[in-house]
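# Structural overview
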Amino acid sequence: MTEPVTRMAACHCTQCRKQSGHYWAAGQVSDTGISITGAVSWFASSQTAQRGFCPTCGSVLFWKLAGEPSVSFSLGAIDGPTEGQLDEHIHVGAKGDYYTIADDLPQREN
């Protein structure tokens, strides 16, 4: 990162759970605040967002909302410490029934 991460969240939406196998932990940074080396394949996962994948191994690395000047990135893809903590849980109304959110972080329904 070339700029501070503005938000770290755990997304419990159905799409994130299906693509990750559980909830997706992501950081958010401005488009200019991240340096990406190597190829990224982008897939329009909905009418309003796209996901970035590694074209070699298929790992999900990014999520980007159309028209927004920021990108979310997989916290698990960071080499070394993230130097942060989760700020919140989002889309908890769609979370899986097989787990419990067991921390005291704020929870947003959508």
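For the structure itself, look to the data block above.
Residues numbered from 1 in each chain as written. Predicted model: local features only at pLDDT ≥ 70, side-chain atom pairs only at ≥ 80, totals over all residues. Heavy atoms only, no water.

## Quick word on unusual backbone geometry
- Positioned with a positive phi, Glu-83 is a non-glycine residue whose angle comes to about 60°.
- Looking at the secondary structure, you find Glu-83 in the loop between β6 (70–74) and β7 (88–90).
- Glu-83 sits in the exposed class, given a relative accessible area of 77%.
- Even without a glycine there, the phi angle at His-91 is positive, about 55°.
- Among the secondary structure elements, His-91 is positioned in the segment after β7.
- According to the relative accessible area criterion, His-91 is partly exposed, its value standing at 28%. (Helix = DSSP H or I, 4+ residues; strand = E, 2+ residues; numbered from the N terminus. Buried < 20%, exposed > 50% of the residue type's maximum accessible area, 1.4 Å probe, protein only.)

## Topic: the environment of Ser-20
- Here Ser-20 is to be found in helix α1 (residues 14–20).
- With 40 residues separating them along the chain, Ser-20 and Val-60 place their C-alpha atoms 7.7 Å apart.
- Reaching out from Ser-20, the side chain makes a polar contact with the backbone oxygen of Cys-16 at a distance of 2.8 Å.
- Polar contacts involving the side chain of Ser-20 include one to the main-chain carbonyl oxygen of His-22, which spans 2.6 Å. (Polar contact = N/O pair within 3.5 Å; in protein donor to acceptor, adjacent residues only side chain to side chain.)

## Quick look at the environment of Thr-100
- Secondary-structure assignment places Thr-100 in the segment after β7.
- Accessibility expressed as a relative area gives 67% for Thr-100, which makes it exposed.
- For the pair formed by Thr-100 and Thr-48, sequence separation is 52 residues and the distance between their alpha carbons is 29 Å.

## A few points about the packing of aromatic side chains
- For the structure on display, the rule yields 3 aromatic pairs.
- Between Trp-42 and Phe-62, the aromatic rings sit 5.8 Å apart at their centres with planes inclined by 25°, giving stacked as the arrangement. Of this pair, Trp-42 sits in strand β3 (residues 41–44) while Phe-62 is found in strand β5 (residues 60–65), placing the two residues 20 residues apart along the sequence.
- On the basis of relative accessible area, Trp-42 is assigned to the partly exposed category, the value being 38%.
- The class of Phe-62 is buried, set by a relative accessible area of 7%.
- Between Tyr-98 and Tyr-99 the ring centres are 4.8 Å apart and the planes differ by 65°, which places this aromatic pair in the edge-to-face class.
- We classify Tyr-98 as partly exposed; its relative accessible area is 48%.
- Tyr-99 gets classed as buried once you look at its relative accessible area, which sits at 11%.
- Each residue in the set Tyr-23, Tyr-98 and Tyr-99 is aromatic and connected to the rest through ring pairs, giving one cluster. (Phe/Tyr/Trp six-rings, centres within 6.5 Å; stacked < 30°, edge-to-face > 60°.)

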